[in-house]
Amino acid sequence: MPLTEQLIRKKREGLALSSEEIRGLVEGITSGAVSDSQIAALAMAIFFRGLSDEELGTLTRSMRDSGTVLHWCGLDGPVLDKHSTGGVGDLVSLVVGPLVAACGAFVPMISGRGLGHTGGTVDKLESIPGLQLFPASERFQRQVRQIGVAIVGQSAEFAPADGRIYAVRDATATVDSIPLIVSSILAKKLAEGLEGLVMDIKCGNGAFMRDVEQARQLAGKIGHIAAAAGVRCRSVLTDMGQPLAWSAGNAVEVAEAIGFLTGDKRHPRLVEVISAVASDMLLVGDIHQNRRDAQAMVSDRLASGAAADKFAAMVCAQGGSAHILEQHRDILPRAEVIKPVFAGHSGFVSGIDTQAVGVSVVELGGGRKRPGDPVDPAVGLSDLIGLGDAINPDRPLAMVHARSEDDWARAALTLKQAYQITDVRPLDRPVILQS
């Protein structure tokens, strides 16, 4: 039996793989010697059998070392990043990257595309015409040094082994495997040469982690593996029992992020999550030693416009319009059909199937049903109402941005089924579950 098949069988039977065997597998994945079908079989074996901390640490470091690993010297601030496990309306990275850079840190953010019903930061930023998201590492580093922040996609240069594994996870129903989540996240983040990392771990019916205990388990595992690699790490557990923002999609989320940065309009749930994540980044980077001072700096950089200016500088440096802040309504793509969808009766929103909301965006073309599918940047949802909101026949559940009337009708039906309306207003739910 060939070696790769032997190792897949070994893991399938619940036996531990040696460090040498794991490194050999990662080398084969990187070179192409291990096929997609073998990666899928390995991912399924890991899903059911798991990995020990030793196996997971070796896998993560091997995936990191499969490509370029950045090294920073001569910077007058810490190198920091954050990562979200994925959600609906989760535009936090678009705001936090420039915001933390405006606080004096350096943020080399390598982001991913959407998985399943969740959006991806790269897909969102690709809605900005001309934006270059796959620069060579030299240009990436130069921008971070000069501006303080760059948000780019995962090219073959960084953790290429992870890139291949990531591409098959969605199709093999192994997205929510904790060892695969940990190794995928940290392989990219460790390749950035970070000093500190903050995890935004989503929990709820719109997240891959459905319950708080599972989210805590993931937080502990990531913290342990990151610390063993010399990176300080904190985790924030946030609620994904409803969309995080008023919008879900690509261009619509970029527009909402710009509105947040400029102070035009800020969703209260976003305010809480962004404040918590950004403050924790300042704490792991030793820019501040207590949360109160960190939060005060975050608020100041938002109010002064410094964070918005960093976002504009980042967009311009990566090939987008220098006028993105003031002209984004004209710059970002728009769908042909933008119409409201109504529940048809009065009451309070007492439940939201958040995954179904994300699926409606995918069905519109704003996400992928299969790896490699094109993504339509213009479609999505805006003006989403949240849990506890009062509705009536004249107040829409959302505005649907679609390419055709038929697409709008399908999304409208999915949204109506995703919202539960009752006569009694539900109790408020905290957005920060643990920090």
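If you're wondering where the values come from, they're calculated on a predicted model, not measured in any experiment.

Procedures and definitions
Residues numbered from 1 in each chain as written. Predicted model: local features only at pLDDT ≥ 70, side-chain atom pairs only at ≥ 80, totals over all residues. Heavy atoms only, no water. Helix = DSSP H or I, 4+ residues; strand = E, 2+ residues; numbered from the N terminus. Rg over C-alpha atoms; globule rule 2.2 N^0.38 Å. Buried < 20%, exposed > 50% of the residue type's maximum accessible area, 1.4 Å probe, protein only. Contact = heavy atoms within 4.5 Å. Areas by Shrake-Rupley, 256 points an atom, 1.4 Å probe, with all protein chains shown as cover. Lys, Arg positive; Asp, Glu negative; His and termini not counted. Charge placed at Lys NZ, Arg CZ, Asp CG, Glu CD. Polar contact = N/O pair within 3.5 Å; in protein donor to acceptor, adjacent residues only side chain to side chain. Pairing = 2+ DSSP bridges. Core = buried A, V, L, I, M, F, W, Y, C linked by side-chain atoms within 4.5 Å. Phe/Tyr/Trp six-rings, centres within 6.5 Å; stacked < 30°, edge-to-face > 60°. Lys NZ or Arg CZ within 6 Å of the ring centre and 35° of its normal.

Q: I tried to follow the overall build of the protein on my own but got confused; where do I start?
A: Along the backbone of the protein there are 17 helices and 13 strands. Scaling as 2.2 N^0.38, a compact globule of 435 residues should have a C-alpha radius of gyration of about 22 Å, and the protein matches this with 21 Å. Expressed as a percentage of its 435 residues, the buried residues of the protein come to 58%. Taking all contacts inside the protein whose residues are at least 6 apart in sequence as the whole, residues at least 24 apart take part in 77%. For the protein, the accessible area works out to roughly 16900 Å², and carbon and sulfur atoms hold 50% of it. When the 43 basic and 50 acidic side-chain charges of the protein are each reduced to a single mean position, those positions are 1 Å apart.

Q: How do you make sense of the side chain of Thr238 when you look at a structure like this?
A: Residue position: Thr238 is located in strand 5 (residues 232-239). For Thr238, a relative accessible area of 0% corresponds to the buried category. A polar contact of 2.7 Å, which involves the side chain of Thr238, links it to the side chain of Asp200. Residues contacting Thr238, with those up to four places away along its chain left out, are Asp200, Ile201, Lys202, Cys203, Val273, Val431, Ile432 and Leu433.

Q: Sorry if this is basic, but what is going on with the environment of Arg329 here?
A: The topology assignment puts Arg329 in helix 15 (residues 324-331). For Arg329, a relative accessible area of 57% gives the class exposed. On a C-alpha basis, the gap between Arg329 and Gly365 in space is 20 Å, while along the polypeptide they are 36 residues apart. Once you skip the residues sitting within four places of it in the chain, Arg329 turns out to touch Asp264 and Arg334.

Q: What should I look at first to understand the sheet that holds strand 8 (residues 347-352) in this one?
A: Paired through their backbone hydrogen bonds, the strands of a sheet run either parallel or antiparallel. The sheet built from three strands is open, its strands ordered 10-8-12 with antiparallel pairing. The sheet terminates laterally at strand 10 (390-391) and strand 12 (419-422), the two strands that pair on one side only.

Q: Help me understand the nonpolar core, please; the structure alone is not making it clear to me.
A: When a protein is soluble and globular, its nonpolar side chains tend to lie buried together. By size, the foremost hydrophobic cluster in this structure holds 85 residues, and its most contacted members are Val100, Ile128, Phe311, Ile324, Val357, Val400 and Tyr419. At 10 residues, the largest contribution of residues to this core is made by helix 12 (residues 268-284). Not counting residues up to four positions away in its chain, the partners in contact with Val400 are Val337, Ile338, Lys339, Val341, Leu364, Gly380, Leu381, Trp408, Ala411 and Leu415. With 55 residues, the next largest nonpolar core counts Leu25, Val144, Ile165 and Ala191 among its residues.

Q: Which parts of the structure should I look at to understand the packing of aromatic side chains?
A: Two measures describe an aromatic ring pair: the distance that separates the ring centres and the angle between the ring planes. On inspection of all chains with the given rule, the structure shows two aromatic pairs. Judged by centre distance (5.1 Å) and plane angle (85°), the ring pair of Phe47 and Phe48 falls under edge-to-face. The exposure class of Phe47 is partly exposed, given its relative accessible area of 32%. If you follow Lys265 out to its NZ or CZ, it ends over the ring of Trp246, 4.6 Å from the centre. One cation-aromatic arrangement involves Arg266 over Phe260; the distance from NZ or CZ to the ring centre is 5.2 Å.

None of the figures reported here should be taken as evidence of function without further support.
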